[in-house]
Amino acid sequence: MSSYPQSPLMGQMMSQPLLISSIIEFVARHYGGNEIVSRRVEGDLHRYTYRECHQRARRLANALHGLGVGLGDRVATLAWNGYRHLEAYYAVSGSGAVLHTINPRLFPEQIVYIANHAEDQCLLFDLTFLPVVEAIAAQCKTVRHFVLMCDRERMPKDSKIPDLLCYEDLIASHSDEYTWPLFDENSAATLCYTSGTTGNPKGALYSHRSTVLHAYGSAVPNALNVSAADTVLPVVPMFHVNAWGLPYSVPLSGAKMVFPGAALDGKSLYELFESEKVTFSAGVPTVWLGLINHALQNKLKFSTFRRTVIGGAACPPAMMDTLIDVFGIEVVHAWGMTEMSPLGTCGGLQSKHMDLPQAAQRKILQKQGHAIYGVDMKIVDDDGKELPWDGISYGHLMVKGPWIIARYFKDEGGEVLQDGWFPTGDVSTIDADGYMQITDRSKDVIKSGGEWIGTIDLENLAMGHPAVLQAACIGVAHPKWDERPLLLVVKRPGMEVGREDLLHFFDGKIAKWWMPDDVVFLDALPMGATGKIQKNKLREQFKGHCLPTA
Ligand code: ADP
C-alpha cells in the first residue's frame, strides 16, 4: 500500500506484519497467568486467564472457519464488555475476518441499517439482546448465522431466529489447534460506525496496522499509562470505538482485565472496583456521575483505584475536582473520535508544571490535552489558514496520523480529507505548550451577533454549582443576535436552585454577552447511544422557546 519512494539502502530488520493476533499470542505467552474477570449477563462473576482466553479464541477461530467465514468477511457483535466478547475480538480479526461491533443502544432500525450496510455474515450476541435480534433477524439480509453467546442451558427452547447457534457448543465442538494466519497488516480488522446524529451512520474501517499502532501509542505513560502492575476496568463499552482500544492496549501491557458486563450503575461498579482491586479505568463523564454519587452518598472511599481516563465528552471541572480532591484519583482528560480509533490527545502535567500552584495545574489538566505520538493536529480558520498556538485563537481542529481514517467505509460521504488532514468537526484552541482545548463541536457552537459562544464553558460553569447535576447549553433563535444561549439544567436530587440564583452564579466568571438568556429546569436530559447528551434533540424541543427580553 506504500506509495513512498524507496531508498537504495533499505533497513535489514525482520519483516513481520503488525497483526492483532500477535497481541493475544504475546499476552498468553508472556503474561498467560494473569486474569480476566467478567460480570456476566447470567449474573455471576466469571474468571479465567489470558492463556485460557487465547485457547478459546483459537477454538472460535476454527468455528468461524467452519461456518464459512473467510478473509474480509464481516462478523458482527451485539455484546457487553465481557470475556466472550474479547474472544470474538481476537478470533474474528485474528483469523482475517472483520469484527463489526454494533452499539445495542441504537434504535432497531439503525441496527438493521448498519448490519445490512456492513453486509455482516454472522451475528454474535449476548442474552440481553435476544428480543432485539428476534425482532430484526429477518431484516438482516446478509446474516447467515446467529450465535447466542451463552451455554446450552440458557438457550431458548423455541426461538424465532432460524438455526440459532449456541456459542458454548460452538466453542466446545472445535479444536484449539489453530495457527493465526499471516497476511498484509493493512487488511481490514474492525469496523465501527459513528453514532450518526445527523444522517445515516458512517463506518470507520480500521486495519490491523492502525489498531496495533493505536494500542502501542495509547499505552505509553503520556497517554493511558497502562502496565502489568495495573488492574484495568474498561467502563467504556466494547461496542463503542473498541472501548477506546483497551481490549488491545491492556493485553499488550499484560495488565489484569475486569469487565463490568451490563451492570454499569454506581453500586455495581463500586463493588467490582473494590473486590477486584481495580487501579485504572476509563469512561465517559456520565458513568462517573453515577459512581461518584454512589460513593459520596454512602461515604465510601476507593482502596486501590488510582487513575482514570475521562473522555468522549468534556469532563466537567467540578467532576475532576471531586475525583482528585475527595477520592485522590488522578484524572486524565482525553479527546478523540470514532474516526481516530479513537485516541487523539491526553491531559497531564509536564515537569515544568510541577511547581505551579494547584489552581494553575488544574487549568492545564482541564484541557483536552496534548497530542500523543502518532497524531498530528492543527487549527484553521474558515478559509483553511492555520491559526497560531496561543491558547486564545480558536478554529477548526484538523488531524492526521496512521490511525485516522482516510475515507469512510464504502466511500460514504465521498472525499473527507482536506489537503491530507481530517476535519474533526470540533472547534478548539491550542496553546504554546501544545495543549488542545475543545471550545465546542462546530454544530453546537452558538453564533451570537457574528461571534461564537462555546457551550462547553457555560455547561462546565453551571455544573460547578452545588445544586446542578447536569447542564446542557444550546443556541435558540433570536431576532437581533441570530442565536442566544439557553441553559437546560437537571438539579441534584433534594437540592434547589432558581433561575436568577443560577445566572447570578455566572456573574464575573464569563464575558457579559456569554450570559445565558434563560434557564429551563428538566427532570432529565436526552442521552444518545454513546452516553452523550443529544443536543440536536434539545434544539428540536426548544426551537420555539421564547427567550425573555432583557
Ligand atoms: P459520536 O458522538 O458521533 O459517536 P464519537 O463518539 O466519535 O462520535 O465522539 C467524538 C466527539 O466527541 C468529538 O469530535 C468531540 O466533539 C467529542 N469529544 C470527545 N472527547 C471529548 C472531550 N474530552 N471533550 C469534549 N468533547 C469531546
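Residues numbered from 1 in each chain as written. Predicted model: local features only at pLDDT ≥ 70, side-chain atom pairs only at ≥ 80, totals over all residues. Heavy atoms only, no water.

A. Structural view of the overall build of the protein chain. Along the backbone of the protein chain there are 16 helices and 25 strands. Principal-axis analysis of the C-alpha atoms places the extent of the protein chain at approximately 75 × 65 × 45 Å. Evaluated residue by residue, the protein chain yields a buried proportion of 57% over its 550 residues. Here the contacts in the protein chain between residues at least 6 apart in sequence split such that 66% fall between residues at least 24 apart. For the protein chain, the accessible surface area stands at approximately 23900 Å², while carbon and sulfur atoms represent 52% of it. Of the charged side chains in the protein chain, 50 are positive and 60 negative, and the gap between their average positions amounts to 3 Å. (Helix = DSSP H or I, 4+ residues; strand = E, 2+ residues; numbered from the N terminus. Buried < 20%, exposed > 50% of the residue type's maximum accessible area, 1.4 Å probe, protein only. Contact = heavy atoms within 4.5 Å. Areas by Shrake-Rupley, 256 points an atom, 1.4 Å probe, with all protein chains shown as cover. Lys, Arg positive; Asp, Glu negative; His and termini not counted. Charge placed at Lys NZ, Arg CZ, Asp CG, Glu CD.)

B. Main features of the site of the ligand. For the ligand, the set of nearby residues contains 15 residues, the closest of which are Ser 195, Ala 334, Thr 338, Asp 426 and Lys 532. The contact in question runs from an oxygen atom of the ligand to an N or O atom on the side chain of His 240, over 3.0 Å. Taking 570 Å² as the accessible area of the ligand by itself, protein coverage stands at 93%. Tallying contributions element by element places strand β14 (residues 330-336) first for the shell around the ligand, with four residues. Taken together, the residues of the shell around the ligand break down into five nonpolar, seven polar and three charged. (Near = heavy atom within 4 Å. Polar contact = N/O pair within 3.5 Å; in protein donor to acceptor, adjacent residues only side chain to side chain. Nonpolar A, V, L, I, M, F, W, Y, C, P; charged D, E, K, R; others polar.)

C. Focus on the nonpolar core. Ile 36, Tyr 90, Leu 124, Phe 273, Trp 288, Phe 302 and Leu 488 are the most contacted members of the largest nonpolar core, which totals 122 residues. Two domains each put at least three residues into this core: domain 1 (27-180 + 225-263) and domain 2 (444-541). Ile 36 has contacts with His 46, Arg 47, Tyr 48, Thr 49, Tyr 50, Cys 53, Tyr 83, Leu 86, Met 257 and Phe 259, leaving out every residue within four places of it along the chain. Counting residues in hydrophobic clusters, the runner-up holds 32 residues, among them Trp 80, Val 143, Met 155 and Cys 166. (Core = buried A, V, L, I, M, F, W, Y, C linked by side-chain atoms within 4.5 Å. Domains from an automatic or database assignment.)

D. Representation of the packing of helix α7 (residues 208-219) against helix α9 (residues 246-253) within the structure. Between α7 and α9, whose axes approach to 9 Å, the crossing angle comes to 65°. The handedness of the crossing between α7 and α9 is right-handed. In contact with Thr 211, Ala 215, Tyr 216, Ser 218 and Ala 219 of α7, α9 contributes Tyr 248, Ser 249, Leu 252 and Ser 253. Taken together, the residues of the contact of α7 with α9 break down into five nonpolar, four polar and no charged. (Axes fitted to C-alpha atoms, helices over the stretch in contact; angles between N-to-C directions. Left-handed = near helix turned anticlockwise from the far one by under 90°.)

E. View of the domain arrangement of the protein chain. By domain assignment, the protein chain separates into domain 1 (27-180 + 225-263) and domain 2 (444-541). Just the C-alpha atoms count here: the centres of domain 1 and domain 2 sit 39 Å apart.

F. Up close: the packing of aromatic side chains. All chains considered together, the criterion is met by 16 aromatic pairs. Note on Tyr 48 and Tyr 83: the rings are 5.3 Å apart at their centroids and 75° apart in plane angle, and the pair reads as edge-to-face. Within this pair, whereas Tyr 48 is found in strand β2 (residues 45-49), its partner Tyr 83 is found in helix α3 (residues 83-94), the two being separated by 35 residues in sequence. Accessibility classification places Tyr 48 together with Tyr 83 in one group, the buried group. Here the aromatic rings of Tyr 89 and Tyr 248 are separated by 5.7 Å at their centres, their planes lie at 45°, and the arrangement is tilted. Of this pair, Tyr 89 sits in helix α3 while Tyr 248 sits in helix α9, and the two are 159 residues apart along the sequence. (Phe/Tyr/Trp six-rings, centres within 6.5 Å; stacked < 30°, edge-to-face > 60°.)

G. A look at the environment of Ile 23. Within the secondary structure, Ile 23 sits in helix α1 (residues 21-30). Classification of Ile 23 by relative accessible area gives buried; the value is 4%. Sequence separation between Ile 23 and Gln 437 is 414 residues; the distance between their C-alpha atoms is 33 Å. Each residue touching Ile 23, except ones within four places of it in the same chain, is listed here: Tyr 90, Val 212, Tyr 248, Pro 251 and Leu 252.

H. Examining unusual backbone geometry more closely. The omega torsion of the bond from Ser 341 to Pro 342 falls at 10°, within 30 degrees of zero and hence cis. If you trace the backbone, Pro 342 turns up in the loop between β14 and β15 (343-346). Positive phi is not limited to glycine here, since Val 241 has a value of about 40°. Inspection of the secondary structure puts Val 241 in helix α8 (residues 241-244). On the basis of relative accessibility, which here comes to 4%, the residue Val 241 falls in the buried class. Positioned with a positive phi, Asp 419 is a non-glycine residue whose angle comes to about 55°. Take Asp 419: it is sitting in the loop between β18 (395-400) and β19 (422-430).

I. Region of the structure containing the UniProt feature "domain: AMP-binding enzyme C-terminal" (unreviewed entry) in the protein chain. Within this structure's numbering, the places UniProt gives as "domain: AMP-binding enzyme C-terminal" (unreviewed entry) are residues 458-532. The span residues 458-532 shows a helical share of 19% and a strand share of 33%, and its end C-alpha atoms are spaced 17 Å apart. (UniProt positions renumbered as here; feature names shortened; annotations may be inferred.)

J. Structural detail: the sheet that holds strand β4 (residues 98-101). The strand order across the open sheet built from seven strands is β7-β6-β5-β3-β4-β8-β9, with neighbouring strands paired in mixed fashion. The open sheet has two free edges, formed respectively by β7 (165-166) and β9 (203-207), since each of these has just one partner strand. Here strand β3 (residues 74-78) runs beside β4; their pairing, made up of four bridges, is parallel. Among the inter-strand pairings, Thr 77 is bridged to a residue of β4, identified as Thr 101. Strand contacts of α7: β8 (188-193) and β9, with the helix running at about 80° to β9, the strand carrying the most contacts. (Pairing = 2+ DSSP bridges.)

K. Quick look at the environment of Ile 324. On the secondary structure map, Ile 324 appears in helix α12 (residues 317-326). Spatially, the C-alpha atom of Ile 324 lies 9.5 Å from that of Arg 306, the residues being 18 residues apart in sequence. For Ile 324, the contacting residues outside a window of four places in its chain are Ile 329, Val 331, Arg 362 and Leu 365.

L. Representation of α1 in the model. Of the residues making up α1, those classed as buried are Ser 21, Ile 23, Ile 24, Val 27 and Ala 28. Along the axis of α1, the buried residues cluster in a sector spanning 165°; they form a single face. Elements that come into contact with the buried residues of α1 comprise α2 (50-66), α3, α7 and α9. (Arc of directions from axis to C-beta.)

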